[in-house]
Amino acid sequence: MWRDYTLGHIVSCKMHDVVHDLALSTSQGEILIWEAGSSIDENSGIRHLRVKFDGQGLPNIPRGVVQRLRSLICDVRVFSSVAFDWKNLRSLKLLGRGCTELPASLGKLKHLKYLDITESDIQVLPKSFSKLYNLQTLRLWKEQPNRPVAFDENPEKFPDSLTKLISLRHICYKFVTYRRTPNNQDLPRPPIKCLPRGIGRLTSLKMLRVKFFVGKEEGYKIEELGRLSQLEGVLQIGNLEQVRSELEASEVKLEEKTKLYALGFSWDAPCREGDYNNHEKVLRALQPHLNLKSLKINEYLGEEFPSWIAGNHHGFGSSSFLLNNLVELTLGDCRNCIVFPDLGLLPNLQRLYIFGMSEVRRMDYYMVESIEPYLALKELHIRDMEKLEEGVSTRVGMATLPCLEHLYIIGCPRLETWYPSISTQLSTVCIRSCPRLEAIPLMNRLTSLKYLMLMNCDELTSLPDVPESYISLTALSIKSCINLSIPEGFLGHLTLLKDLEIGGFRSELEEFPGLNGILHLPLEHLELQGWEKLKSLPHQLQDLTALKSLTITDFDRLEALPEWMANLSSLQNLSIWGCENLTSLPPVEAMQRLSNLKFLSIEECPKLTERCAKENGPEWSKISHIPNIEINGRDVA
């Protein structure tokens, strides 16, 4: 059994081999996996059948077997080829590619409770589909780019006949929002934006794994969700700009739907400036029940959040904080919000995703004497916060984010300060595109840190000079931090380091800083980013005999790769990007010594590309033995 350990709900199960064998032994004579060439006795007691079909001749299933079956897994073509009724089927899963329609006889399966077509190419269900009055579970398309759109006669809408299936409890639908063309281009494909008119008639519905887009017409209004009192699991509501008032929003009755553990709200269409106040009223009325575990809010344009999200500052554990059981929260593209909501006192919040809140300048929490904020927070993502100047602050002498394991700060051009107290449990730190950030959070004693990325942080000048804190680091990326100084010998202390990306330092440097000591590291993957003055690769590379992957980017003045590259005896992948003046690879003998090299990629290197032309290029003889070669995205091997 697997659980979503953040939200605490079972997401899948696996039967132990012993239990599987016991089930087979007790059901012997009732279950059969039928392969091509085998036969079935018409008088057998088979109730559950899986037909393996290789496309070479349709199997002949005896009429007596067909009429006794309770569950069937087979190719669409096998199901369509049988002339008599599968009248007693309770469960049907259809497989296979190339067949896009089902026969009208589907409607005769009066006892069918479970229909799964996720692994088939079926586009259109027959009209008789609406006669499956006992159907409880309907599983539709998986996220595959080559799949056709469901219900092709109206690709943006489920058929209205779906509401006739009054026993329906579960609608499971996943849809990819692009389609793959023959030349491997991804083109947009509209999602199904409209459930059938009057979805509220399906009063037995428990699982609605399809986003509900609010409409203006009768049968598509948000009140339809209010009639679905049995809903559980996840509910997503879009087009909330179509909700006209607080009263109309309250008809969803989310406080009564206590089995919902995850909610998603989104405003999907542009609105006039005067409508922002309605956003606040609608969100205020969508107050959920107290046990909600996950909440996502996107494109909300109110200036502040309702009290059921932010509380009213009466202190930790107060009844005013109605989301005390919340584990995961996403606030995305809430562009008009100026004051960041007080989330630090939510006692169970473990994952917080904040992006696109372009007016927020500070991420403070309400100060409560002797109370630590964000006690349970394990993962924090902050992205595209244009005006953010200060991160999470703290009271003097008090730890901040004591349980934090993953920290991502990306695209915050004005961020200057992140107060220094931080969790010693951090395993991941990623800070990118924060050009004014002068210092990274204090990271003494971070013995759990495994991954550190610093990228495009122009004002960052130094790393904490405590290499003993990085003893667990296995991956390090320091790129385009033009003023950063790496302490001599710093890298040599990273005895577990396997992945290193480094480069893009200030233009006056003529060699890579801090590479002395990497000889004794267990490096397997290395990416080097050059800058203006570099004319050669760093000589420290030549003894990295365990290196499996090497990427060289942006060495504009590099003209030839050195002969000593032959020493990289374990090298399997070599990628060369953006080296405008590179013309020569190592000599033929050196390239031949790279006996493990299986993949070579050359991108945006115009001179080398010309010289590596297949058959007639002067460098071709050096690489022709490599099994896989890509030049500017094309396979030339």
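Details of the structure are given in the entry above.
Residues numbered from 1 in each chain as written. Predicted model: local features only at pLDDT ≥ 70, side-chain atom pairs only at ≥ 80, totals over all residues. Heavy atoms only, no water.

*Asks:* Talk me through unusual backbone geometry; I want residue IDs and the actual numbers.
*Replies:* Of note, the phi angle at Asn239 is positive, near 60°, even though the residue is not glycine. Residue placement: Asn239 occurs in the loop between strand S14 (233-238) and helix H5 (246-250). Here Asn239 falls in the buried class, since its relative accessible area comes to 17%. Positive phi, normally seen in glycine, also occurs at Ser480, with a value near 55°. Mapping Ser480 onto the fold places it in the loop between strand S25 (475-479) and strand S26 (499-503). (Helix = DSSP H or I, 4+ residues; strand = E, 2+ residues; numbered from the N terminus. Buried < 20%, exposed > 50% of the residue type's maximum accessible area, 1.4 Å probe, protein only.)

*Asks:* Please provide a residue-by-residue account of the pattern of salt bridges, values included.
*Replies:* Following the criterion strictly, the structure yields 20 salt bridges and no others. One salt bridge connects Arg351 with Glu328, and the closest N-O pair in it is separated by 2.4 Å. Taken as a pair, Arg351 in strand S18 (residues 351-355) and Glu328 in strand S17 (residues 328-332) lie far apart in primary sequence, 23 residues in all. Several salt bridges share partner residues, and in doing so they unite Glu223, Glu224 and Arg227 into one network. (Salt bridge = Lys/Arg side-chain N within 4 Å of Asp/Glu carboxyl O.)

*Asks:* Now, about the pairing of S25: what can you tell me, with residues and values included?
*Replies:* Burial analysis of S25 places five of its five residues in the buried class, the great majority of the element. By the alternation rule, side chains of S25 split into Ala475, Ser477 and Lys479 and Leu476 and Ile478, which are all buried. One ladder, built from five bridges, connects strand S24 (residues 451-455) with S25; its direction is parallel. Residue Leu452 lies in a different strand from S25, and its bridge partner there is Leu476. Strand direction decides the pairing type here: S25 and S26, joined by five bridges, are parallel. Following the sheet pairing, Ala475 is matched in S26 by Asp499. (Pairing = 2+ DSSP bridges.)

Honestly, it's all geometry; don't read function into it.
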